[in-house]
Amino acid sequence: MGIDSKEIEGIIGQPKSSTLEYKAVLPPSGNLAQVISAFANSEGGYIILGVSDSGKVLGLSNDFNAPELTRIAISKLSLPVTYYYKYLAIKGKKIFAIKVIEKDGIDVSIQGKMYKRIGEQIKLLNPSPIEFKKNGFKKIIEINIQLQQNKKEATNSLNNYIEHCQSILKIIDNLDRILYPVSPKKVTTDQEGKILNRILFSSFVDNFETYLSDLLYEIYLSEPSTLKSGSPVTVEEVLNCSDMEDFIKYCAKKRLLKLQKGSVKGFIKDNSQIRDLNIIDKNTQETIEKILQIRHLYSHRNGIVDDKFLQFFRGKFQINQEHQLSINEVCNHLNYLFDIASKIDFEALIKYKLSKIN
């Protein structure tokens, strides 16, 4: 059955449809797994890598192994599917075609999520409903609306970040009695609420960093040349990674070291892929660094102010003072970081031709 080269040549240039998907660059395995499962749960179809949404042949880099990435994507599925793949040379450029056969019977899922191809879109068949209290904190609902709107035009990385932010908002909504018993604009006096507040704040800041790491991984897949650097890599580091995709993710996470230490300036200097998007200016750097310092204080000092923290907040606090944020302030910080991430994502989609979540 396989893949017919002449058939692929005839398909390229046709508009995307219920049985045809284009990806300009090599997508993350998770994103590819979604498309494969959606086709398997529908009529089957072709996924052609190295071709733009308009059907223009761009070609793929020789640096990464598309068959290996496809096998990793297949391994993420709940059930085996029938598929074929093949490298092809079209107009002097190398592309990669995947043919997915419609699956009879039980739908294929990925971590419990089932997708289906409808027209040129991929639809999640069993979304988890996100509902908030009707008389709850309005800012939570407003932020969630913004998060949902950004899902429509997002990378796989931003989509994961959005889902985490939504889970944080849901926890805040559910535990209002201990997080903001009086008002969202007033800090809680409940000890359990104080601890949870610090955990939630640290969690969404951590996931902002995870978003940047995941985005770098997507950029490396799309433009392998951006991964090349003079930084040494040990044999142990290579052997600790299960496959090439795992190694690329490791390299992306390694690039976050300066950011995790609170140096946004150092992170931007070392990562031209983010710097060249021109989103994080000097003022933004300083604001993010202050947010990172609060996270560090919450994660390592239980919110007790120290000398290092005072270097970033001169004259505002005293040594050994307990630092607290109201839930309103927590939500403002969450919204600020998400706004930065969404702007970065928008520019990265264009510059690096990254895959969107349909």
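Remember, predicted model here, so these are calculated numbers, not experimental data. (Residues numbered from 1 in each chain as written. Predicted model: local features only at pLDDT ≥ 70, side-chain atom pairs only at ≥ 80, totals over all residues. Heavy atoms only, no water.)

A.B. asks: So what about the sheet that holds strand E3 (residues 83-90)? Which residues, and what values?
C.D. replies: With respect to topology, 4 strands assemble into an open sheet ordered E1-E2-E4-E3, the strand pairing being mixed. What marks the edges here is a single partner per strand, and that holds for strand E1 (20-23) and E3. Neighbour-to-neighbour, the strand axes of the sheet open up by a mean angle of 20°, direction not taken into account. The pairing of strand E2 (residues 45-49) with strand E4 (residues 93-100) spans 5 bridges and is classified as antiparallel. Along E4, the bridge assignment pairs Ile48 with Ala97. With respect to the sheet, helix H2 (residues 29-40) is in contact with E1, E2 and E4, its orientation differing from that of E2 by roughly 160°. (Pairing = 2+ DSSP bridges. Helix = DSSP H or I, 4+ residues; strand = E, 2+ residues; numbered from the N terminus. Axes fitted to C-alpha atoms, helices over the stretch in contact; angles between N-to-C directions. Contact = heavy atoms within 4.5 Å.)

A.B. asks: A description of the sheet that holds strand E6 (residues 113-118) should follow, citing residues and the corresponding values.
C.D. replies: If you trace the 3 strands from one edge of the open sheet to the other, you get E5-E6-E7, paired in antiparallel fashion. Only two strands of the sheet have a single partner each, and these edge strands are strand E5 (109-110) and strand E7 (121-124). Sheet analysis places E6 next to E7, joined by 4 bridges and oriented antiparallel. Its bridge partner lying in E7, Tyr115 is registered against Leu124. The sheet contacts of H2 involve E5, E6 and E7, and relative to E6 the element is tilted by about 65°.

A.B. asks: Describe the packing of helix H4 (residues 138-151) against helix H5 (residues 156-174), naming the residues involved and giving the relevant values.
C.D. replies: At a minimum axis distance of 10 Å, the contact between H4 and H5 shows a crossing angle of 160°. Here H5 runs roughly antiparallel to H4, going by the angle between their axes. Our pair here, H4 against H5, has a crossing hand that is left-handed. Contacts between H4 and H5 involve Ile140, Ile143, Asn144, Leu147, Gln148, Asn150 and Lys151 on the former and, on the latter, Asn159, Ile162, Glu163, Cys165, Gln166, Leu169, Ile172 and Asp173. The class makeup of the residues in the contact of H4 with H5 is 7 nonpolar, 5 polar and 3 charged. (Parallel < 35°, antiparallel > 145°, perpendicular 65-115°, else oblique. Left-handed = near helix turned anticlockwise from the far one by under 90°. Nonpolar A, V, L, I, M, F, W, Y, C, P; charged D, E, K, R; others polar.)

A.B. asks: Talk me through the packing of aromatic side chains; I want residue IDs and the actual numbers.
C.D. replies: Taken as a whole, this structure holds 12 aromatic pairs when the rule is applied. When the ring of Phe313 is compared with that of Phe317, the centres are 6.0 Å apart and the planes differ by 80°; the resulting orientation is edge-to-face. Overall, the relative accessible area of 9% leaves Phe313 in the buried class. For Phe317, a relative accessible area of 24% gives the class partly exposed. Of the aromatic side chains, those joined through ring pairs into one cluster are Tyr83, Tyr85, Tyr87 and Phe96. Sitting over the face of the ring of Tyr87, Lys94 holds its NZ or CZ atom 4.5 Å from the ring centroid. Geometry around Phe132 places Lys170 over its ring, the cationic atom sitting 5.6 Å from the centre. (Phe/Tyr/Trp six-rings, centres within 6.5 Å; stacked < 30°, edge-to-face > 60°. Buried < 20%, exposed > 50% of the residue type's maximum accessible area, 1.4 Å probe, protein only. Lys NZ or Arg CZ within 6 Å of the ring centre and 35° of its normal.)

A.B. asks: Describe a positive patch on the surface, and please don't skip the residues or the numbers.
C.D. replies: On the surface, Lys56, Lys91, Lys93 and Lys353 cluster together into a positively charged patch. Here Lys56 shows up in the loop between E2 and helix H3 (66-75). Lys56 gets classed as exposed once you look at its relative accessible area, which sits at 54%. (Patch = residues over 30% accessible without salt bridge, like charges linked within 9 Å, V, L, I, M, F, W, Y side chains within 5 Å. Areas by Shrake-Rupley, 256 points an atom, 1.4 Å probe, with all protein chains shown as cover. Salt bridge = Lys/Arg side-chain N within 4 Å of Asp/Glu carboxyl O. Lys, Arg positive; Asp, Glu negative; His and termini not counted. Charge placed at Lys NZ, Arg CZ, Asp CG, Glu CD.)

A.B. asks: Tell me about the packing of H5 against helix H15 (residues 327-352), and name the residues and values.
C.D. replies: Interaxial distance between H5 and H15 falls to 11 Å at its minimum, and their mutual angle equals 170°. Comparing the axis directions of H5 and H15 gives the class roughly antiparallel. Across from Leu158, Tyr161, Ile162, Cys165, Ile168, Leu169 and Ile172 in H5, the residues of H15 making contact are Ile327, Cys331, Leu334, Leu337, Phe338, Ala341, Ser342 and Asp345. Looking at side-chain class alone, the contact of H5 with H15 contains 13 nonpolar, 1 polar and 1 charged residues.

The values reported here are purely geometric and, on their own, carry no functional implication.
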